[in-house]
Amino acid sequence: MLSIIIKDLRTILSDKHAVAIIIIMPLILMTILSFALKSSFSDGDYFDEGVKIAVVKLYDGEEDSRMFDETLRNGIFSKNMGEETITELGDSSRDVDPEKIFFEEFLGSDEVSKIISYQVEDEKTAMELLDKKEVSAVVTLPEKFVYDMKVNLVTPFRNNVDIKVEVHPDKSIEGVVVKSVMESYSSAIASVIIGKNVIIEEAMANGVGELKNLDIVMEELTNVLEHMDIEIKDVVVEERKSITSADYYAAAMMSMFILFSAGHGGRMLLEEKENKTYGRMIMAGTSKFSILSGKFVVVLLLCSIQITIMIIYSHFALKVQWGSIVNTAIISAAAAFAVAGLGAFIASATFRAGNFKLANTFESAIIQGMALLGGSFFPVDVMPKAIQNLSFLSLNGLALKSYIKVMTGYGLNDVIKNVAALGLIGIVFLILSVAILSGKEEHYVKHNKVKTVKA
Amino acid sequence: MLKVENLYKNFGKVNAVDGVSFEVKKGDVFGLLGPNGAGKSTTISMISTLLAPSSGEILYDGKSIFDNQKSVRQRLGVVPQEIALYPTLSGYENLRFWGSIYGLKGDELKKRIDEVSDIIELNGRLKDRVDKYSGGMKRRLNIGAALLHMPEMLIMDEPTVGIDPQSRNHILDTVLKLNNQGITIIYTSHYMEEVEYLCNKVCIMDEGKIIASGSQDELVEMIREKTQINVRLNRVDAMISERLKEIKGVSDARISDDTVVLHGENADTLLADIALKVSENGMFIKSIDVKKPNLEAVFLHLTGKALRD
C-alpha cells in the first residue's frame, strides 16, 4: 500500500492546478482577508456581545421589604431604639434598594455592562437557556435576598446572602468572568457593610439613640457602590487572548481549504478507473480496499501537509499565535482524519456513480456551503440565528471553533467534544465508503471499450 | 499451459462470450482474431482474472485460475487495450510503481526497470512525463509495465491500436523478441496482418464464438481456396485463356478487360509456365498480381463479412 500512497501523493503534487488550489490559494486568501478585515477584529471584539447570563430571582421583593419593616419594628435590632429612630431608620431603609443596587448600579454599571449582558428569567427557563448555551451562566439570587441585603446594609446585623453561579461546562472562560464579577460584587458590598457597621455601632455606642447622621451614612454607602472597582479586565487578559483578523482567517481558510483535499481524493478512484489503472492494479492482485485505503491515507497526508504549511506561514508571515502546539496538533489530526474519511466516502460514491458529478458538486457547492455555515467567510456569531443553528453540519466549523478556542486560551477539555465529533465523522464516512465499495462490480466489454457496470 | 473450456459470459441478455474453448501451449504466440465486439477483450478479461465467467473453466497448468488467482496473477503479464498508466508521472515513476505493485523493490526493481526499458527502447525518455510521450511511446511503456515481474505468459489486448506504422512494427518485433526469450503470448487484434505476422496459432472469433482455430495453414486449408493470379497483357483474346488453362495446376482462367484471372495451386511454379505460354502466343505481360488466400479470406468465407466491418 505504501507504493500506492507514494504514487497518489506524487500524482496530486504533480498537478499544478491542484497544488494551487489546496496550498497556494488559502495562503493568499488568508493574507488578503487578514489585512482587508483587520478593522472588523479589534481587541476583544470577537466577543462583542459580552458574556450572556440569566438572573433568577428566588425572592419576592415586596414581601421582603414588608418583612424588613415589620422586623425593624418588632425585631431584635430595634431594641434600645426610640420610636422616632425606628421610623427614621425605616424611612431611610426604603431608600436602600438592593435590587436597584444589584441590577442598575452593579450589572448596569459601565464597567460590568461592557462584559456581561443579563436577562431575568424564572429558574426553569434559565436552566434551559444554559443547556442550550444561549447563556453562559445562571446567577441565582436567593430567597429573602432583598430582606437580607437590607438587614446587611441598614442594620448593625449581618445575614448570609448566598448568590449562586452556575456555568455551562463548555463556557468555562465565561464562567471565570462571571464568578470574578460576582466576587467583586460581594467584596464591594462587604466593604460597604463593614464601613456602615462602624458608623452605626459608633453612633449607638455614644448613646445618641437617634441616628441623626443616617442620611450621611446612606450617602456614603451609595458613593461606595458607585465607585465599586471591579477588576474584570485582569481576569480576561489572564485567561483569554483576543482574536485578530489574521488569527481568525488563518484558521478559517485552513479549515475550509482542507476540504478541497477531500474533493481531490474523491476524484482519484474514478480517475484510476478511467485511466484503466484501477483494473490493472486489480489484475496485479491489489484489492480494491487497498486502493481505497491509499486514497484515505493520501488525503490524510495532504491535509497534514496543508495544515503544517498554513500554520507555519501564518505564524511567521501574519504573526498568528495558534496557542498550545499540542492542542492545535490534536485538533489538526482530528480534522485531517475527518476530511480523509469524507474523501474516501466521496471516492467510493464517485466510483460507484461512474461520473464526477458528486465530486464536482462537493467542490463547487458543498464546500462553499460548509464554509458559510462553519464561519470560514464570516464569524458564525454575526450570522443569522438560522445559520448559526446549522453550523453543526460543517466539519470545517467544528475545526475552526476548536482552533479559535485554543488560540484564545481554552484547554483541551474545552474542545474535546469537537475533536471527538471530528473523529466520529471520519469513522462514519470511512465505514460508509467501505460499504459503498463493497458491492460487486463487473467490467462490460463492448466494441473495444471497457465499461464498468454495477452488478 | 492455458486451457479455456466452454467459457460463457453474459451481460444481461447479451452473450459476450458464447461457449469458447481453446488451448495455449508454452512458447506459443496465440492469436485471437476478430472484429470489434467479437468477444476478444471479454475473453482476455476473464483469463486475466478481472472478470468472472458466467460458466466454463479456465485452467492454468491444470488448475483453475479462479481458485489460484494470486499465484496466477503473478505469472501473467497483462497489457490492456487502453493506456493504463499515470499520465502526470514520468515513465520511470510509472515503471517503479507497477513493479512495486508486483512486489519488486530495491535493487531488483531498479535492475528490472533497466532491463525492461531496454526491451521497450525508452531509456532516454524515462524521466519525461508520460503525457509528453507520443502514442507509440505510451504503447511501449504500457507493454513494459506488464513485463517487470517477468511473467511466464503475456496477454496483449490490441496493443497497436491507434499508433503509427513505425511504432507498430517496433511493437510487433518486441512481441517476437519476448517470445524468443520464452514468454508465451496471447495476442488479440482485429488486424489480420499482425496476427499472420506473429502467431503460430490463431482463433478467429465473431459474435462471442470461435468460428475457426488452428495454425494459419490449417485455417487457409479449411476454406480450400486457391491462389488467384491476375495476368495483365498487352492484348487479350479468347484463345489465351484456353491456352493458359492447359497449364498443369491451373484450375480456372477467365478474361476480365485486359487481364486474365487464373486460379491454381502453388503459384511459384505456375508463374514460369504462364510467362512461357503468353510469349508463345505473341503477347507480353504488362503485370502479374498474385493473391494468396489469407485469414481475411477465411473470415470472409466463414462469416460473409470483412474483418473490419
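Coordinates for the structure precede this section.
A. Broad picture of the sheet that holds strand β1 (residues 2–11) of chain B. Residues and elements named next belong to chain B. Spatially, the 4 strands line up as an open sheet ordered β2-β1-β4-β5, and their pairing is antiparallel. On the outer flanks of this sheet lie β2 (14–24) and β5 (63–64), each paired with one strand and no other. Pairing of β1 with strand β4 (residues 55–60) involves 5 bridges; the strand directions are antiparallel. Opposite V4, over in β4, you have I58 as the bridge partner.

B. Summary view of the pairing of strand β13 (residues 259–264) of chain B. All names here are of chain B. Burial along β13 is one-sided: the residues V260, L262 and G264 are buried and none of T259, V261 and H263 is. As judged from the 6 bridges shared by strand β11 (residues 227–233) and β13, these two strands associate in the antiparallel manner. Opposite R232, over in β13, you have T259 as the bridge partner. Both strand β12 (residues 250–256) and β13 contribute to a ladder of 6 bridges, which runs antiparallel. In the sheet register, V250 faces β13, and the bridge partner there is G264. Between β12 and β13, which follow one another and run antiparallel, lie 2 residues, and D257 among them has a positive phi close to 55°.

C. Layout of helix α18 (residues 395–407) of chain A. All names here are of chain A. With 13 residues, α18 ought to run about 18 Å at 1.5 Å a step, and its terminal C-alpha atoms sit 19 Å apart, in line with that. Burial runs high along α18: 13 of the 13 residues are buried. Looking at the residues trailing α18, positive phi occurs at G409, about 110°.

D. Quick peek at the interface of chain A and chain B. The interface is formed by 25 residues belonging to chain A together with 29 residues belonging to chain B. Sorting the residues of the side of chain A that touches chain B by element identifies α1 (2–13), α13 (277–283) and β5 (441–446) of chain A as the ones contributing at least two each. Taken together, the residues of the side of chain A that touches chain B sort by class into 7 nonpolar, 11 polar and 7 charged.

E. Inspection of the nonpolar core at higher detail. Counting residues in each nonpolar core, the largest one holds 184 residues, and the members touching the most others are I53(A), V339(A), L422(A), I155(B), Y187(B) and I204(B). With 17 residues, helix α12 (residues 245–274) of chain A is the single largest residue contributor to this core. Apart from residues lying up to four places away in sequence, I155(B) is in contact with I44(B), I47(B), S48(B), L76(B), G77(B), V78(B), V79(B) and I186(B). Counting 10 residues, the second-largest nonpolar core is a separate cluster that includes I229(B), V231(B), A253(B) and I274(B).

F. The arrangement of the packing of α12(A) against α18(A) in detail. Residue and element names in this part refer to chain A. Their axes nearest at 9 Å, the elements α12 and α18 cross at an angle of 150°. In terms of axis orientation, α12 runs roughly antiparallel to α18. α12 and α18 meet at a crossing whose hand is right-handed. Between α12 and α18, the contacting residues are D247, Y248, A251, A252, S255, M256 and L259 on the first element and N396, A399, L400, Y403, I404 and M407 on the second. A breakdown of the residues in the contact of α12 with α18 according to their chemical character gives 10 nonpolar, 2 polar and 1 charged.

Rules used throughout
- Residues numbered from 1 in each chain as written.
- Chains lettered and ligands numbered in written order.
- Predicted model: local features only at pLDDT ≥ 70, side-chain atom pairs only at ≥ 80, totals over all residues.
- Pairing = 2+ DSSP bridges.
- Helix = DSSP H or I, 4+ residues; strand = E, 2+ residues; numbered from the N terminus.
- Buried ≥ 20, exposed ≤ 12 C-beta atoms within 10 Å, placed from the backbone.
- Expected span 1.5 Å × (residues − 1).
- Contact = placed C-beta atoms within 7 Å.
- Nonpolar A, V, L, I, M, F, W, Y, C, P; charged D, E, K, R; others polar.
- Core = buried A, V, L, I, M, F, W, Y, C linked by C-beta atoms within 7 Å.
- Axes fitted to C-alpha atoms, helices over the stretch in contact; angles between N-to-C directions.
- Parallel < 35°, antiparallel > 145°, perpendicular 65-115°, else oblique.
- Left-handed = near helix turned anticlockwise from the far one by under 90°.

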